[in-house]
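An overview of the molecular structure
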Amino acid sequence: MHAFSHSTTSTPTAVAVPPQLALPVIEAEFPRQLHPFWPRLQEKTRLWLLEKRLMPADKVREYADGLCYTDLMAGYYLGASDEVIQAICDYSAWFFVWDDRHDRDVVHARSADWRRLRFRLHTALDAPLHHLHHPDTLVAGFADSIARLYTFLPGTWNRRFARHFHEVIEAYDREFRNRTSGYVPEVEEYLALRRLTFAHWIWTDLLEPSAGTELPDAVRKNPAYRRPALLSQEFAAWYNDLCSLPKEIAGDEVHNLGISLVTHEGMSLEQAVEEVRRRVEECIREFLVAERAALRFAEELDDGTVQGKEIGAAVTACVGNMRNWFSSVYWFHHESGRYMVDSWDDRSTPPYVNNEAAGEK
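Quick look at the structure, then.

Basis of the calculations
- Once a new chain begins, its residue numbering starts again from 1 and follows that chain's sequence as written.
- Residue-level local features of this predicted model are given only where pLDDT is at least 70; pairs of side-chain atoms are given and counted only at 80 or more, and the full residue set underlies all totals for whole chains, interfaces and linings.
- Excluding hydrogens and water, the side-chain figures rest on all heavy atoms present in the structure.
- In this description a helix means any DSSP run of H or I spanning at least four residues, a strand means any run of E spanning at least two, and both kinds are numbered starting from the N terminus.
- Two residues qualify as a contact provided that any one of their heavy atoms is within 4.5 Å of a heavy atom in the partner residue.
- Here the term cavity refers to a set of points on a 1 Å grid, laid over the protein atoms alone, in which a 1.4 Å probe fits but cannot get out; the term pocket refers to an open set having protein on both sides within 12 Å along at least five of seven lines, with lining residues being those that place an atom within 4 Å of a point.
- Grid points are joined across faces, edges and corners, and a volume is the space filled by probe spheres set on the points.
- Following the grouping adopted for this structure description, the nonpolar residues are Ala, Val, Leu, Ile, Met, Phe, Trp, Tyr, Cys and Pro, the charged ones are Asp, Glu, Lys and Arg, and the polar ones are all others, Gly among them.
- With axes taken as lines fitted to C-alpha atoms, and helix axes fitted only over the stretch in contact, angles between N-to-C directions fall between 0 and 180 degrees.
- Any angle that falls under 35 degrees is termed roughly parallel, while one over 145 is termed roughly antiparallel, one within 65 to 115 roughly perpendicular, and all others oblique.
- Handedness of each helix crossing follows the sense of rotation of the near helix against the far helix: counterclockwise by less than a right angle gives left-handed, clockwise gives right-handed.
- The set of buried Ala, Val, Leu, Ile, Met, Phe, Trp, Tyr and Cys residues whose side-chain atoms join them within 4.5 Å is what this entry labels a nonpolar core.
- Here's how the labels work: a residue is buried when its accessible area is under 20% of the maximum for its type, exposed when over 50%, partly exposed in between, all with a 1.4 Å probe on protein chains only.
- Within 6.5 Å between ring centres, the rings of Phe, Tyr and Trp (the latter by its six-membered ring) count as paired, and their orientation is classed by plane angle as stacked under 30 degrees, edge-to-face over 60, tilted in between.
- A patch is a set of surface residues, each over 30% in relative accessible area and not in a salt bridge, joined within 9 Å for like charges and within 5 Å for the nonpolar side chains Val, Leu, Ile, Met, Phe, Trp and Tyr.
- Exposure was quantified through the Shrake-Rupley algorithm and a 1.4 Å probe, taking into account, for residues, occlusion by the shown protein chains and nothing else.
- One side-chain nitrogen of Lys or Arg within 4 Å of one carboxyl oxygen of Asp or Glu is enough to make a salt bridge.

Turning our eyes to something else, we now look at the side chain of Asp241. For Asp241, the location among the structural elements is in helix α13 (residues 223-250). Setting aside anything within four residues of it in sequence, one finds Asp241 in contact with Tyr190, Arg194, Asn256 and Leu257.

Written as structure tokens, this is what we have:
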């Protein structure tokens, strides 16, 4: 089917969404919005990738805009200041580059390189200002993006973000070991790992600087807030699995809900695709219910005090952006060159990656 995506390119075009991936409820009930700073975001993140040497200049020129990394974030964190959304976009671009390095380290069996990078990222996360000029450009770029993110909210938020990202790094290490050994996790094990490798709580944490307020623990941990936050991220992770399944089968991946269902539940590939799609659609339905409860919770928080008004407004903004995540993720998967495996010369090797050993030149 053809869907008008409100594309972020200068000339909007109809994007063809394959029927097995089309979600009419997203297209009808989750209108896409974009941060007004978007055109500058794309330009500035492209320059940041060049400045930090995170991608070769020719790859940046040819692929950076088409990968749509800034589009994904610009469709999510509405209401963020220009400085906050730019820091998030740069960090997101770094995350994708890191994911690609991790993949290439697996493919080329660079265990020592991965182990070295893992420990360096842990260290840079706790002291980013000390790693801004690290010889591994991936570490230096990470330090730069983290140092900027740490300037927006108090140290309590920074420490929470760091704690969550330390868990993400360790989850990537588990993925590395699974892939190099050919181990396919069982479904529940995979889902728990996926919440970490997809960085569910990192993207949720970033809702707060976008709203300009750190939420109290009692608010963040309240089921009325936590439930829609989790559902928005589960949707994104599972829809990503649905869209990236051909790419990951071509690359001998072992981490995909569809792959776990085929391996451990005895499903055919077609049955697995249907089951992932069912879970995705269920996420959307459950979010629409949880969203209403979260907005009622926000109203209750506005108790007439200055603090209550501020926290209630911040929760309302965060829940609104949880909703934005659905449409942003959906259209990203049909616009980004990251998933267009049929157009690649080699379906197992993305054309936008630097396929040589990195960090130890």
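This paragraph deals with empty space enclosed by the protein. Taken as a whole and assessed by the stated rule, the structure comprises four cavities of 30 Å³ or more. Approximately 660 Å³ is the volume found for the largest cavity. If you trace the largest cavity, you find 37 residues lining it, with Asp99, Arg194, Asn240, Glu248 and Arg338 closest to the centre. Going through the elements one at a time, α4 (69-74), α5 (82-107), α8 (155-181), α9 (187-197), α13 and α16 (306-335) are the ones with two or more residues in the lining of the largest cavity. The element that contributes the greatest number of residues to the lining of the largest cavity is α5, accounting for eight residues. When its residues are assigned to classes, the lining of the largest cavity shows 15 nonpolar, nine polar and 13 charged. Considering only enclosed or pocket space, the second largest cavity measures out at about 80 Å³ in volume. Around the second largest cavity, the lining residues are Gln42, Thr45, Arg46, Leu49, Ala64, Asp65, Cys68, Tyr69, Thr70, Asp71 and Ala93.

A word on the packing of α9 against helix α14 (residues 257-265). Packing of α9 against α14 brings their axes to within 9 Å, and their N-to-C directions diverge by 160°. Here α9 is positioned roughly antiparallel relative to α14, judged by the angle of their axes. The way α9 lies across α14 gives a crossing that is right-handed. Packed against α9, whose contacting residues are Val187, Tyr190 and Leu191, the element α14 presents Leu257, Ser260, Leu261 and Glu265 at the interface. The residue inventory of the contact of α9 with α14, partitioned by class, reads five nonpolar, one polar and one charged.

This next bit is on the nonpolar core. Ranked by internal contacts, the top residues of the largest apolar core, which has 110 residues, are Tyr91, Trp94, Trp98 and Phe165. Ranked by residues supplied to this core, first place goes to α5 with 13 residues. Aside from chain neighbours lying at most four places away, what touches Trp94 is Trp48, Leu54, Leu121, Leu138, Gly141, Phe142 and Phe165.

Right, let's talk about the packing of aromatic side chains for a bit. Enumeration over the complete set of coordinates arrives at 31 aromatic pairs. Seen in terms of ring centroids, Trp98 and Trp114 are 6.4 Å apart; in terms of plane orientation they differ by 25°. Their pairing is stacked. Taken together, the positions of Trp98 in helix α5 and Trp114 in helix α6 (residues 111-126) put the pair 16 residues apart, joining distant regions of the chain. As far as the burial class goes, Trp98 and Trp114 line up, both buried.

Quick look at a nonpolar patch on the surface now. Residues Ile249, Val262 and Leu269 make up a contiguous nonpolar surface patch of about 220 Å² in total accessible area. Checked against the element boundaries, Ile249 lands in helix α13. For Ile249, a relative accessible area of 43% corresponds to the partly exposed category.

Taken by themselves, the reported measurements are silent on function.
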